[in-house]
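Here is how the chains run, residue by residue.
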Amino acid sequence: MLRKIIGILAAGSLFIAVNMWAVPTGADILKRMDDFQDQRSDITCKADITQQRVGQGIKDLQWIFYRKDKTDSILIVETAPESEKGRGYLRVENNFFLYLPNTRTFQTINRDESIGGSDARAGDFEKRKYSELYRVETNAQGKELIEEVKLGKVSAYMVTLVGIVNDVTYPKQVYWLDKDNFFQYKVQSYSLSGTLMQTAYYPKWTQIEGKFLAVQMIFIDEFDKGNKSIVELSAISLAPLEDSIFTKAYLENLSK
Amino acid sequence: MGLLLKISLRNLLRQKRRNFFLGLAIAVGMMILVATSSFTKGLTDVILNKWLVYSYGHVSITGYESGNRQNTIVRDRERIIKLIKSVKGVKEVNNYLGIFTRVVGNGKSTMMALVGMPDKDAIDYLGNTEDRGNAHDFTNRSIENPVIMGKDKAKDLNVKVGDTLRVRLTTVNGQVQSADLSLVATSKELTGGSAIAFYIPIDKLKDIRGLKPYESGPLQVVLNHMDDPQAALVAANKIHELLKPGLAGYYGDINSGGYAIKAAALTFYTNSNSMNIISSNLPAVQGSWTLATNTNSAAISVSAAEKLHLGIGSSITGIYPDKFGGSTTNIYKIGAIFKPGKDMAKDLVMAGENNFYYNYLRNLPADSLEVSNAFTGSSKSILAQAIGTEWKLLPRTYTSDELQKKLRKAMKEGFEGSYYDVSTMYEAASFLIDLQRGLDMISLIAVMILFFVILIGVLNTLRMTIRERTREIGTIRAIGMQKDDVKISFIMETFFLTLAGCIAGIILSIGLISLLSLFTIETDSMFGMLLVNKHVNFVFTPGKPFIILFLVFVFIAEYLIIKYDEYIKHWLVTLLLVIFVLIGFLLSGIGGNGILTFLILILNMLMAIAYFPARRAAALSAAAALRQYE
């Protein structure tokens with residue numbers, strides 16, 4: 001009996017150990033990444049962006065950012081520097097508008113256009129599932145390339161994703177994901193020809209109302225060396241936002 | 001008439017010095033007029049036949065996709081080129097490809113326009129302008145992505161011939177792309193404003209940009225040598241008519257669960273208006289049209305569904321031969337089974353634009369009559385408004401503002417297919433056309449002011465001559481010369497003086513232009529773009545035949561009015577002469593300046609000016625004139 005119990009316990013322990021230490025499949029990882037993305041909610045925050053450009057020095061930008069999850073609407077207002085104060089961006093449905101306070105006019109912008117002169121593009125704010133865009137890269141034997149690595153002190157999965165649709169911005173991305181909670185700590189993005197274009201680090205995470213958020217992001221331009229952007233989020237609120245915020249009139253009012 | 005001619009010529013020779021200086025003033029005026037006109041014509045020639053041809057074409061055909069104005073692509077290049085070439089006056093159709101991109105050199109980077117150029121054009125345009133390297137290496141396919149750039153930009157980027165440059169851009173599908181480029185030559189020609197562009201073989205740029213061999217960027221139409229920008233509008237309107245799209249669809253095998261039929265697949269627009277039209281005209285007997293717009297879903301006709309033993313939720317596979325030798329497969333889940341209209345094929349698949357255009361545009365189907373037969377209703381019918389076409393043809397616009405508005409509106413529609421737009425240099429490069437018009441008008445006004453001063457001189461001289469010859473007029477009137485003949489003799493005198501002065505002026509202008517053309521101008525400024533091989537470009541034209549002909553008619557009409565003025569009221573004669581001079585002035589301004597145009601215009605003006613003192617002389621009675629003493 002005791003042998004039986006020990007046997008069951010041993011088998012159970014082995015089962016738990018195998019499951020604890022088993023490397024997840026590509027599908028699991030993509031699902032976890034999608035789940036992570038889906039935990040988004042309405043959000044209001046302040047974003048401080050420090051941009052370093054070769055030959056141009058350092059530029060500090062400040063945005064107020066609103067996002068409504070249900071309608072996937074976005075409103076961004078620039079509050080610094082002084083020269084760009086009041087400029088705003090509004091996304092409602094499929095339309096992305098730029099508001100220019102000097103002329104009090106709205107212009108439509110497309111997904112390739114830069115937001116506030118930063119590295120962010122209008123298309124970066126689109127909500128698309130990882131599992132619809134990517135698959136995990138496989139080797140010649142068809143084995144998925146998922147490695148367990150150390151990123152500093154953190155144990156992480158290094159996983160290479162390749163695009164399965166033609167219109168994905170980066171056809172190849174390498175992710176370093178926290179083994180326990182799947183935080184993205186580092187992402188390398190490659191061009192279609194295979195050149196490393198950007199490395200992004202997400203070193204600081206916080207938990208608000210049970211939801212995890214990266215509050216510091218560092219984007220390093222690997223193509224044009226020496227360019228770097230640091231984004232820091234503060235004054236984060238996940239309180240529900242009114243539809244009336246995501247209107248041209250509200251943006252115009254806010255920009256005054 | 002012969003006698004009057006003799007008197008006029010004799011009078012001209014009687015006062016040689018005065019007439020020489022007056023003729024000289026007219027000659028100098030004409031010389032300046034012709035030289036200025038040839039200079040502005042030269043600039044116009046550079047702008048219309050060089051700048052525009054290289055940068056925009058006279059007419060441009062652009063395809064826009066993904067609701068993005070930067071994403072310009074013409075999918076079936078050969079078909080569109082064939083249509084364009086059927087328009088009269090088209091000299092050639094070039095495949096334009098240019099991308100504004102970040103270029104990284106050795107530790108330096110900048111934004112530049114990477115322009116794809118056919119080998120031959122590159123050698124014609126850039127050959128033998130090397131500062132360093134060999135421009136002919138541009139055609140060497142063993143070199144990876146050869147490029148040529150201006151020497152100053154190479155210096156800015158800290159690169160020399162043989163070095164590698166890197167560029168970052170997006171492909172036609174919106175993917176981030178990068179490429180290494182080999183600098184094979186630096187050019188002395190690419191300076192000033194043109195230095196912003198650097199050149200790569202167009203096939204290489206197409207590869208980098210992700211275009212297939214049969215696809216291209218905007219097509220630039222070059223018309224036969226033009227000196228009238230209006231020609232572009234006529235050609236653009238004709239091309240626009242030819243670009244009317246047919247139905248978007250394919251004909252192929254539709255398979256499901258071991259059953260197969262041959263059928264056409266069409267597409268429908270998914271905006272709310274189109275969905276209403278579709279659901280009310282093609283009633284769904286099972287499922288719904290909304291369900292058919294779900295990702296990878298479609299609707300199928302009742303007949304096809306029966307033959308394939310399908311129900312809602314079943315999957316079908318549509319396989320069609322594409323235009324370029326392959327075959328394409330689409331898999332759809334059935335969201336609706338519908339009753340097709342009376343002017344539609346019985347066996348039919350219809351996919352929403354969201355599930356259709358992506359594959360369709362990237363794998364254009366082989367031409368098939370079955371597709372156009374799948375819906376034979378009038379293009380003006382309500383149902384036709386909801387059925388997808390090969391592309392949407394944007395309406396013609398005529399100014400940059402209208403073009404911008406039209407594109408903004410179209411890009412917001414959320415259409416999943418292609419838009420095609422036909423624009424001319426008026427919309428694409430209106431600033432250049434304005435520049436050209438401005439130059440023409442400024443030169444014409446400036447020279448006409450000069451001529452006005454000369455005209456006052458002529459008028460004054462004639463008044464003096466008449467005063468001096470008053471007694472002579474009295475004598476010839478006393479021996480029987482008619483009033484009319486006195487008037488015409490003065491007019492003829494002015495006419496011959498002006499004609500001689502103008503001819504001398506034209507000869508002088510040829511000398512002046514030849515002299516100015518000898519100077520080589522070394523400049524890095526924007527002005528360098530207006531030079532041809534470092535020389536000022538003068539274009540010597542006679543003028544437009546119909547304008548010359550019209551001016552000749554004006555001249556004859558003016559002469560007849562002057563000759564028969566006794567039958568017309570004085571104020572009306574004056575008014576008509578003023579009107580004729582203004583018409584001549586406007587015609588030469590609108591119709592393009594030419595040497596013969598100017599010659600006839602000046603003859604018209606001087607004849608009109610000479611009329612007033614000539615009429616005064618003719619009005620003198622013989623007795624009164626003979627009594628006149630100075």
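Anything mentioned here points back to the structure above.
First, a word on what this report is: a plain description of the structure on this page.

In this section: the overall build of chain B. Looking only at helices and strands, one finds 20 helices and 22 strands in chain B. A total of 630 residues make up chain B; the buried ones form 52% of that total. A total of about 28,300 Å² of accessible surface is found on chain B, and carbon and sulfur atoms cover 60% of it.

Next up on the list: the interface of chain B and chain A. Taken together, the contact between chain B and chain A spans 22 residues of the former and 21 residues of the latter. Overall, the association of chain B and chain A removes approximately 2,000 Å² of surface from exposure, summing both partners, and the carbon and sulfur fraction of that is 48%. Among the residues chain B hides against chain A, the three largest losses belong to B:Gln175, B:Val176 and B:Lys412. Together they make up 29% of the total. A salt bridge links A:Asp224 to B:Arg102; the shortest N-O distance between them is 3.5 Å. Linking chain B with chain A are 9 residue pairs in polar contact (both at pLDDT 80 or more), by the criterion used here. Elements that contribute at least two residues to the side of chain B that touches chain A include exactly strand S2 (68-72), strand S4 (97-104), strand S8 (164-170), strand S9 (176-187), helix H10 (357-362) and helix H12 (400-412) of chain B.

The subject of this paragraph is a nonpolar patch on the surface. A cluster of nonpolar residues, B:Leu549, B:Val552, B:Phe553, B:Ile556, B:Leu560, B:Tyr564 and B:Tyr567, forms a patch on the protein surface that exposes about 720 Å² of accessible area. According to the relative accessible area criterion, B:Leu560 is partly exposed, its value standing at 41%.

Our next topic: the nonpolar core. Inside soluble globular proteins, nonpolar side chains tend to come together where they are buried. In terms of nonpolar packing, the biggest core is built from 54 residues, with B:Met30 and B:Phe490 touching the most fellow members. Going through the elements one at a time, helix H1 (2-14), helix H2 (16-55), helix H14 (430-468), helix H16 (483-518), helix H17 (545-563), helix H18 (570-590) and helix H19 (595-619) of chain B are the ones with two or more residues in this core. With 16 residues, the top contributor of residues to this core is H19(B). Once you skip the residues sitting within four places of it in the chain, B:Met30 turns out to touch B:Phe451, B:Cys502, B:Gly505, B:Ile506, B:Ile595, B:Phe598, B:Leu599 and B:Ile602. Listed in part, the 46 residues of the second largest apolar core include A:Ile49, A:Ala200, A:Tyr202 and A:Met217.

Further remarks concern the packing of H1(B) against H16(B). Residue and element names in this part refer to chain B. One way to put it is that H1 packs onto H16 with a least axis distance of 8 Å and a crossing angle of 55°. Considering the angle they form, H1 stands oblique to H16. Considering only the axes of H1 and H16, their crossing is right-handed. Where H1 approaches H16, its residues Leu4, Leu5, Ser8, Leu9, Asn11 and Leu12 are matched on the opposing element by Asp485, Ile488, Ser489, Met492, Glu493, Phe496 and Leu497.

On the surface, A:Lys248, B:Lys405, B:Arg408 and B:Lys412 cluster together into a patch of positive charge. Per element, the largest residue contribution to the positive patch is 3 residues, and it comes from H12(B).

All names here are of chain B. Position of glycine 217 among the secondary structure elements: in the loop between helix H6 (202-209) and strand S11 (219-223). With relative accessibility at 1%, the residue glycine 217 sits in the buried group. Each C-alpha atom of the pair glycine 217 and isoleucine 73 lies 4.6 Å from the other, and the pair is 144 residues apart in sequence. Excluding residues within four positions of it along the chain, glycine 217 makes contact with Thr72, Val74, Asn95, Tyr96, Leu97 and Leu211.

All names here are of chain B. Close contact between H17 and H19 brings their axes to 9 Å; oriented N to C, the two are set at 15°. Relative to H19, the element H17 is oriented roughly parallel. For the pair H17 and H19, the crossing hand works out as left-handed. Together, Ile547, Ile548, Leu551, Val552, Val554, Phe555, Glu558, Tyr559 and Ile562 of H17 and Leu596, Thr597, Ile600, Leu603, Asn604, Met607, Ala608 and Tyr611 of H19 make up the contact between the two elements. Grouping the amino acids of the contact of H17 with H19 by side-chain chemistry returns 14 nonpolar, 2 polar and 1 charged.

A few words on the pairing of strand S6 (residues 105-109) of chain A. With 5 bridges connecting them, strand S5 (residues 95-100) of chain A and S6(A) associate as antiparallel partners. Considered in S6(A), the bridge of A:Leu98 is made with A:Gln107.

Attention now goes to helix H7 (residues 230-242) of chain B. Residues lying three or four places apart along an α-helix face the same way, a consequence of the helix completing one turn every 3.6 residues. Spanning 13 residues, H7(B) covers 19 Å between terminal C-alpha atoms, matching the ideal 18 Å at 1.5 Å per step. Of all the residues in H7(B), the buried ones are B:Ala232, B:Leu233, B:Ala235, B:Ala236, B:Ile239 and B:His240.

Cis geometry marks the peptide bond from A:Ala80 to A:Pro81, where omega comes out at 0°. Its location among the elements puts A:Pro81 in the loop between strand S3 (73-80) and strand S4 (88-92). With phi around 60°, B:Asn158 is a residue other than glycine that occupies positive phi space. By secondary structure assignment, the location of B:Asn158 is in the loop between helix H5 (151-156) and S8. Looking at B:Asn158, the relative accessible area reads 44%, which means it is partly exposed. Residues other than glycine seldom take positive phi values, yet B:His309 does so here, at roughly 55°. Residue classification places B:His309 among the exposed positions, given a relative accessible area of 54%.

Our focus in this paragraph is helix H3 (residues 77-85) of chain B. For H3(B), the full list of buried residues reads B:Arg77, B:Ile80, B:Ile81 and B:Ile84. Taken end-on, H3(B) shows its buried residues confined to a sector of 100°, consistent with a single buried face.

A separate point is the packing of aromatic side chains. All told, the structure shown has 28 aromatic pairs over all chains when counted by the stated rule. Relative to B:Phe496, the ring of B:Phe495 has its centre 5.4 Å away and its plane inclined at 75°; by these criteria the two rings are edge-to-face. Among the aromatic residues, ring-to-ring pairing joins B:Tyr250, B:Tyr269, B:Tyr320, B:Phe356, B:Tyr357, B:Tyr360, B:Phe415 and B:Tyr419 into one connected group. The ring of A:Trp176 carries the charged tip of A:Lys186 above its face, separated from the ring centre by 4.3 Å. The cationic tip of B:Lys392 hangs over the ring face of B:Phe415; the distance from NZ or CZ to the ring centre is 4.5 Å.

Residues and elements named next belong to chain B. Within the secondary structure layout, phenylalanine 496 lies in helix H16. Residue class for phenylalanine 496 comes out partly exposed when judged on its relative accessible area of 22%. Residues phenylalanine 496 and glycine 23, spaced 473 residues apart in sequence, show a C-alpha to C-alpha distance of 9.7 Å. Residues in contact with phenylalanine 496, not counting those within four places in the same chain, are Leu5, Leu9 and Leu12.

Here is what the cut-offs are and how they apply
Residues numbered from 1 in each chain as written. Chains lettered and ligands numbered in written order. Predicted model: local features only at pLDDT ≥ 70, side-chain atom pairs only at ≥ 80, totals over all residues. Heavy atoms only, no water. Helix = DSSP H or I, 4+ residues; strand = E, 2+ residues; numbered from the N terminus. Buried < 20%, exposed > 50% of the residue type's maximum accessible area, 1.4 Å probe, protein only. Areas by Shrake-Rupley, 256 points an atom, 1.4 Å probe, with all protein chains shown as cover. Contact = heavy atoms within 4.5 Å. Buried area = accessible area lost by both parts, 1.4 Å probe. Salt bridge = Lys/Arg side-chain N within 4 Å of Asp/Glu carboxyl O. Polar contact = N/O pair within 3.5 Å; in protein donor to acceptor, adjacent residues only side chain to side chain. Patch = residues over 30% accessible without salt bridge, like charges linked within 9 Å, V, L, I, M, F, W, Y side chains within 5 Å. Core = buried A, V, L, I, M, F, W, Y, C linked by side-chain atoms within 4.5 Å. Axes fitted to C-alpha atoms, helices over the stretch in contact; angles between N-to-C directions. Parallel < 35°, antiparallel > 145°, perpendicular 65-115°, else oblique. Left-handed = near helix turned anticlockwise from the far one by under 90°. Lys, Arg positive; Asp, Glu negative; His and termini not counted. Charge placed at Lys NZ, Arg CZ, Asp CG, Glu CD. Nonpolar A, V, L, I, M, F, W, Y, C, P; charged D, E, K, R; others polar. Pairing = 2+ DSSP bridges. Expected span 1.5 Å × (residues − 1). Arc of directions from axis to C-beta. Phe/Tyr/Trp six-rings, centres within 6.5 Å; stacked < 30°, edge-to-face > 60°. Lys NZ or Arg CZ within 6 Å of the ring centre and 35° of its normal.

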